[in-house]
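So you can see what is in the structure, the chains are spelled out below.
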Amino acid sequence: MKPHVILNAAMTLDGKIATKTGNSQISGKKDLERVHKLRKEVDGIMVGINTVLTDDPRLTIHKIDSNKSDNPIRIVVDNQGRTPLNSRILNDDAETIIAVSNYAKNQDISLERCEKLNKLADIFYSGENSVHLKELMKHLYSKNIKTLMLEGGSTLNFSMIKEQLIDEIRVCVAPMIVGGKNAKTLVDGEGFNLMKDGIKLELKNRYQLGKDLILEYDVL
Ligand SMILES: NC(=O)c1ccc[n+]([C@@H]2O[C@H](COP(=O)([O-])OP(=O)(O)OC[C@H]3O[C@@H](n4cnc5c(N)ncnc54)[C@H](OP(=O)(O)O)[C@@H]3O)[C@@H](O)[C@H]2O)c1
């Protein structure tokens, strides 16, 4: 069993989720409220380690009326236990799970980092050289995380798509273009060779929110 996974992201019209320097302030005020409402509905929010290192997100509900108890569990996919001890994702606003691979167990520096992180978060070990996402999904489900929001970044988005672990995609398309061949797009990673191998989607809803356009898809 696995949680129902919703990939949510904000991107520019040219598909970038950050500029080439990693700046990712894309959503308008109304979209931020939409995201925080969605956070309130789910049991967990997951991001990759590079998102933590670049954005230092809190991943809590703080843009709408809410209580601390509304905050979902936060999950970081972090192969080598590189989540900084002073990162905001480790504050006491919500529980945090850090998923690391077994590679971390065999590296003194990673093991030491994980021992320190374990005082602030739950550490889940799986996979050899990168986190085994299917095992992680099973673990999260066993922790009562039945709905999970995936909030990036592009590398983790691709791995989750490749493993067929995503059920829905919701994207905010902002009316901007930033370009840059090194700027992260909605989904990067290794990519598929042929169009026929790509995941297929069905558009189920679309609407305008302020200046932004919201697109909601089911993964077929
Ligand atoms: N606009 C938006 O909605 C939005 C949302 C989120 C993020 N972002 C942007 O996205 C950028 C970060 O994206 P990113 O692609 O660089 O990184 P990412 O997806 O946040 O993190 C990827 C890292 O996770 C670790 N990892 C461990 N196991 C993995 C697995 N099975 N599959 C994939 N990754 C695994 C790997 O790092 P190690 O091997 O080092 O552990 C990998 O390099 C930032 O610029 C951020 O601002 C934008």
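We now examine the environment of Gln-80. Within the fold, Gln-80 resides in the loop between β3 (73–77) and β4 (96–100). Taking the C-alpha atoms as reference points, Gln-80 and Leu-201, separated by 121 residues in sequence, lie 33 Å from one another. Not counting chain neighbours up to four residues away, the residues in contact with Gln-80 comprise Tyr-103, Ala-104, Ser-110 and Arg-113.

On to unusual backbone geometry. Of the consecutive residues Gly-152 and Gly-153, the connecting peptide bond is found in the cis state with omega at -5°. Here the phi dihedral of Asn-144 falls at roughly 75°; this positive angle occurs in a residue that is not glycine. For Asn-144, the location among the structural elements is in the loop between α4 (133–142) and β6 (147–150). Given the relative accessible area of 53%, Asn-144 is considered exposed. The phi angle at Gln-164 is positive, at roughly 55°, despite the residue not being glycine. As for its placement among the helices and strands, Gln-164 is situated in the loop between α5 (154–162) and β7 (168–174).

The next subject is the site of the ligand. Surveying the vicinity of the ligand reveals 29 residues, the closest of which are Thr-51, Asn-79, Arg-82, Thr-155 and Ser-159. One of the side-chain nitrogen or oxygen atoms of Arg-82 is found 2.5 Å away from an oxygen atom of the ligand. Burial of the ligand by the surrounding chains reaches 88%, relative to a free accessible area of 940 Å². Looking at the shell around the ligand, the elements with two or more residues in it are β1 (4–12), α2 (49–55) and α5. With five residues, the top contributor of residues to the shell around the ligand is α2. In the shell around the ligand, the residues fall into ten nonpolar, 14 polar and five charged.

What counts, and where the lines are drawn
- Residues numbered from 1 in each chain as written.
- Predicted model: local features only at pLDDT ≥ 70, side-chain atom pairs only at ≥ 80, totals over all residues.
- Heavy atoms only, no water.
- Helix = DSSP H or I, 4+ residues; strand = E, 2+ residues; numbered from the N terminus.
- Contact = heavy atoms within 4.5 Å.
- Buried < 20%, exposed > 50% of the residue type's maximum accessible area, 1.4 Å probe, protein only.
- Near = heavy atom within 4 Å.
- Polar contact = N/O pair within 3.5 Å; in protein donor to acceptor, adjacent residues only side chain to side chain.
- Areas by Shrake-Rupley, 256 points an atom, 1.4 Å probe, with all protein chains shown as cover.
- Nonpolar A, V, L, I, M, F, W, Y, C, P; charged D, E, K, R; others polar.

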